[in-house]
Amino acid sequence: MALVPDVVKKLVGTGWEVCIESGAGTHAAFGDAAFKEAGASVATDAAGAVSGAGLVVRVNAPSPEDVAALDSGVALLSFFQPGQSEHTLRALAQKKATVFSFDLLPRISRAQGMDALSSQATVSGYRAGLAAAEQLAKFFPMFMTAAGTVPPAKVLVMGVGVAGLQSIATARRLGAVVKAYDVRAAAKEEAESLGASFLDLGVSAEGAGGYARELSPEELDRQRAALADEVGRSDVVITTAAVPGRKAPVLVTASMVEGMAEGAVVVDMAADQGGNCELTKAGEVVDHHGVQIVGMENPPSGMPTHASFLYARNVANVLALMGPQGALTPDFDDEIVSGMCVLRDGQPVAAGAADVLGGASGAGAGAGAGAGGGAP
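Remember, predicted model here, so these are calculated numbers, not experimental data. Throughout, residues of each chain are indexed from 1 in the direction in which the sequence is written. Given that this is a predicted model, residues contribute local features only at a pLDDT of at least 70 and side-chain atom pairs are listed and counted only at 80 or more, while totals for whole chains, interfaces and linings are drawn from all residues. Side-chain measures here rest on the full set of heavy atoms in the structure, leaving out hydrogens and waters.

## With respect to the overall build of the protein chain
Turning to step 1, where the next piece is worked out: To qualify as a helix, a DSSP run of H or I must reach at least 4 residues; to qualify as a strand, a run of E must reach at least 2; elements of each kind are numbered from the N terminus. Within the protein chain one finds 13 helices and 16 strands.
Turning to step 2, where the next piece is worked out: This radius of gyration counts C-alpha atoms alone. The globule rule is 2.2 Å times how many residues there are, raised to the power 0.38. Against the compact-globule benchmark of 21 Å for 376 residues, the protein chain has a radius of gyration of 22 Å, which places it among compact chains.
Turning to step 3, where the next piece is worked out: C-alpha extents for the protein chain along the principal axes are approximately 65 × 45 × 35 Å.
Turning to step 4, where the next piece is worked out: Note on exposure labels: buried denotes an accessible area under 20% of the residue type's maximum, exposed denotes more than 50%, and partly exposed covers the range between, all computed with a 1.4 Å probe on protein chains only. Across the 376 residues of the protein chain, 48% fall into the buried class.
Turning to step 5, where the next piece is worked out: Pairs at least 24 residues apart make up 60% of the contacts formed inside the protein chain by residues separated by at least 6 positions.
Turning to step 6, where the next piece is worked out: Using a 1.4 Å probe, the Shrake-Rupley method yields the accessible areas, and only the shown protein chains count as cover for residues. Put simply, the protein chain shows about 16700 Å² of open surface, and 51% of that area lies on carbon and sulfur atoms. In what follows, residue pairs with any heavy atoms lying within 4.5 Å of each other are defined as contacts.

Following this line, the structure appears as structure tokens:
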């Protein structure tokens, strides 16, 4: 859910008029009555909620059918990957919409409170650790009993970003012995601070903005060869590796899975981006020779209350910058505003949007007033 009652109350207090689709927050334990008490109006359906809105706030990009219900000149704030939303992007361009995406938020200190990628990765990493413990037919912690000592589970976490760190912390809280791997050398200290030992395989891929760059085919081959033994020794492998705007890299091949012991588990958090495991199927648990591969589909949705709470706080912080007085007045000279912008008045600003629409990125920058005010 893109907004929660506490955030709605704050937005209404600063001058926004907020309309919520009836039942939109039910699965996250936020009922219509709570939104009404916070000052929002409740529409019977999605079309009624967005009718007349100057700003629409969502979690994910709308479908082309959803766009048809939006007013011309509308502003949209959500996760939005242009390369994966071509038809929606074209429909929004025809509406002369202004689109801001959390995917493009600059990785700077001033934007930390707006970083929805990180907040949702926190939820995903926690869920991955729990899913691994639930799927594994062994204890995570060591137990010393009258019947003998049970050794702790061995967990390998691939990718030490926000999601990976939460996976490490959760597995450690549950008592597992954890190893971590990342192509960014800077991740070593963070992993070790949470009690994991760090694997140095001699492959480095430091990228811009704290992300990893895409590895070359030769680097991927070296990485997989070095990882094969560690994967085979692990009871659980949790994969979190992603490269923004690209298909997730395959880190765990079918042959690696076949080298794992029967009963072992792979939890793939990158299933929605194609998967870090060659055998992953999004939303399914695949049994391959006794090894369970869990393809986590939309991981934050499995913990919707706190995922919604964190996301809504990110939205509120963005609107505190772009619309502090209850109307959207983005300053396109601000690096956060310009960095998040996908379309401005229907013209492509982000490089990904320019690739899809055939225009030059930066079109419209500095021209006109941008998105106008209105009710979300």
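## Overview of the confidence of the model for the protein chain
Turning to step 1, where the next piece is worked out: For the protein chain, the average pLDDT comes to 90, and 91% of its residues sit at 70 or higher.
Turning to step 2, where the next piece is worked out: Contacts from residues 363-376, a stretch scored under 50 in pLDDT, to residues over four places away or in other chains number 36 contacts. Known as pLDDT, the predictor's confidence for each residue is given on a scale from 0 to 100.

## Section: the packing of helix α6 (residues 116-135) against helix α11 (residues 304-322)
Turning to step 1, where the next piece is worked out: Running from N to C, α6 and α11 cross one another at 170 degrees; their axes reach a closest spacing of 9 Å. What the angle tells us is that α6 and α11 run roughly antiparallel. In this structure, α6 uses Ala-116, Ser-119, Gln-120 and Val-123 to contact α11, whose residues at the interface are Ala-307, Leu-310, Tyr-311 and Asn-314.
Turning to step 2, where the next piece is worked out: Class assignment of the residues belonging to the contact of α6 with α11 gives a composition of five nonpolar, three polar and no charged. Helix axes are fitted only over the stretch in contact, all axes being lines through C-alpha atoms; the angle between N-to-C directions runs from 0 to 180 degrees. Every angle not falling under 35 degrees, over 145, or within 65 to 115 is termed oblique; those three ranges are roughly parallel, roughly antiparallel and roughly perpendicular. The residue classification treats Ala, Val, Leu, Ile, Met, Phe, Trp, Tyr, Cys and Pro as nonpolar and Asp, Glu, Lys and Arg as charged. All others, Gly included, are polar.

## Focus: the pattern of salt bridges
Pairs can form between side chains of opposite charge whenever their charged atoms are close.
Turning to step 1, where the next piece is worked out: A carboxyl oxygen of Asp or Glu within 4 Å of a side-chain nitrogen of Lys or Arg is what we treat as a salt bridge. The tally for this structure, following the rule as stated, stands at nine salt bridges.
Turning to step 2, where the next piece is worked out: Among the ionic pairs, Arg-110 bridges to Asp-334, the shortest N-O distance being 3.2 Å. Here Asp-334 lies in the loop between α11 and α12 (335-340) and Arg-110 lies in the loop between β5 (98-101) and α6, a separation of 224 residues in the sequence.
Turning to step 3, where the next piece is worked out: Overall, Arg-110 belongs to the partly exposed group, its relative accessible area being 45%.
Turning to step 4, where the next piece is worked out: A salt bridge links Lys-179 to Glu-230; the nearest nitrogen and oxygen atoms lie 3.3 Å apart. Highlighted residues: Lys-179 in strand β9 (residues 177-181) and Glu-230 in helix α9 (residues 217-233), separated in sequence by 51 residues.

## A word on the nonpolar core
Grouped burial of nonpolar side chains is what soluble globular proteins tend to show.
Turning to step 1, where the next piece is worked out: Grouped together as the largest cluster of nonpolar side chains are 39 residues, with contacts concentrated most on Leu-77, Phe-100, Phe-102 and Met-340.
Turning to step 2, where the next piece is worked out: Residue assignment for this core shows that the elements contributing at least two residues are α1 (5-13), α2 (32-38), β3 (55-57), β4 (75-78), α11 and α12.
Turning to step 3, where the next piece is worked out: Considering every element that reaches this core, the biggest residue donor is α11, with seven residues.
Turning to step 4, where the next piece is worked out: Leave out the neighbours within four places in its chain, and Leu-77 touches Leu-55, Val-56, Val-57, Arg-58, Phe-100, Phe-102, Tyr-311, Val-315, Val-318, Leu-319 and Met-340.
Turning to step 5, where the next piece is worked out: One finds Ala-163, Val-236, Ile-238 and Met-296 within the second-largest nonpolar core, a separate group that totals 27 residues. Side-chain atoms within 4.5 Å are what join buried Ala, Val, Leu, Ile, Met, Phe, Trp, Tyr and Cys residues into a set we call a nonpolar core.

## Here's the deal with the sheet that holds strand β15 (residues 341-344)
Turning to step 1, where the next piece is worked out: The rule for pairing is simple: two strands pair if DSSP sees at least two bridges between them. Pairing is mixed in the open sheet, where five strands are placed in the order β3-β4-β5-β15-β16. Of all the strands in the sheet, just β3 and β16 (347-348) have a single pairing partner and so form its edges.
Turning to step 2, where the next piece is worked out: Examined bridge by bridge, β3 and β4 share three bridges and lie parallel to one another. Among the inter-strand pairings, Val-57 is bridged to a residue of β4, identified as Leu-77.
Turning to step 3, where the next piece is worked out: Contacts from helix α5 (residues 86-94) reach β4, β5 and β15 within the one sheet, and its direction differs from that of β15 by about 40 degrees.
Turning to step 4, where the next piece is worked out: Its contacts with the sheet place α11 against β3, β4 and β5, and it is angled at close to 140 degrees to β4.

## Quick notes on the side chain of Asp-268
Turning to step 1, where the next piece is worked out: With respect to the helices and strands, the residue Asp-268 is situated in strand β12 (residues 265-268).
Turning to step 2, where the next piece is worked out: For the purpose of counting charges, residues Lys and Arg are taken to be positive, whereas Asp and Glu are taken to be negative. His and the chain ends are not included. Despite its burial, Asp-268 remains without a salt bridge, the nearest opposite charge being carried by Lys-247 at 8.7 Å.
Turning to step 3, where the next piece is worked out: Definition of a polar contact: a pair of N or O atoms within 3.5 Å, with one able to donate and the other able to accept a hydrogen when the atoms are protein atoms, and with sequence-neighbouring residues admitted only if both atoms are side-chain atoms. Side-chain polar atoms of Asp-268 contact the side chain of Thr-239, separated by 3.1 Å.
Turning to step 4, where the next piece is worked out: Other than its neighbours up to four places away in sequence, Asp-268 contacts Thr-239, Gly-275, Asn-276, Cys-277, Thr-280, Val-294, Gly-295 and Met-296.

## A few points about the sheet that holds strand β13 (residues 285-288)
Turning to step 1, where the next piece is worked out: With respect to topology, seven strands assemble into an open sheet ordered β10-β9-β8-β11-β12-β14-β13, the strand pairing being mixed. Strands at the two margins of the open sheet, each flanked by one partner only, are β10 (197-199) and β13. The sheet shows a mean angle of 20 degrees between the axes of neighbouring strands, taken without regard to direction.
Turning to step 2, where the next piece is worked out: The pairing of β12 with strand β14 (residues 291-295) spans four bridges and is classified as parallel. Of the residues in β14, the one forming a bridge with Val-266 is Ile-293.
Turning to step 3, where the next piece is worked out: Strand contacts of α6: β11 (236-239), β12, β13 and β14, with the helix running at about 155 degrees to β11, the strand carrying the most contacts.
Turning to step 4, where the next piece is worked out: Here α9 sits on the sheet in contact with β8 (154-158), β9, β10 and β11, set at roughly 155 degrees to β8.

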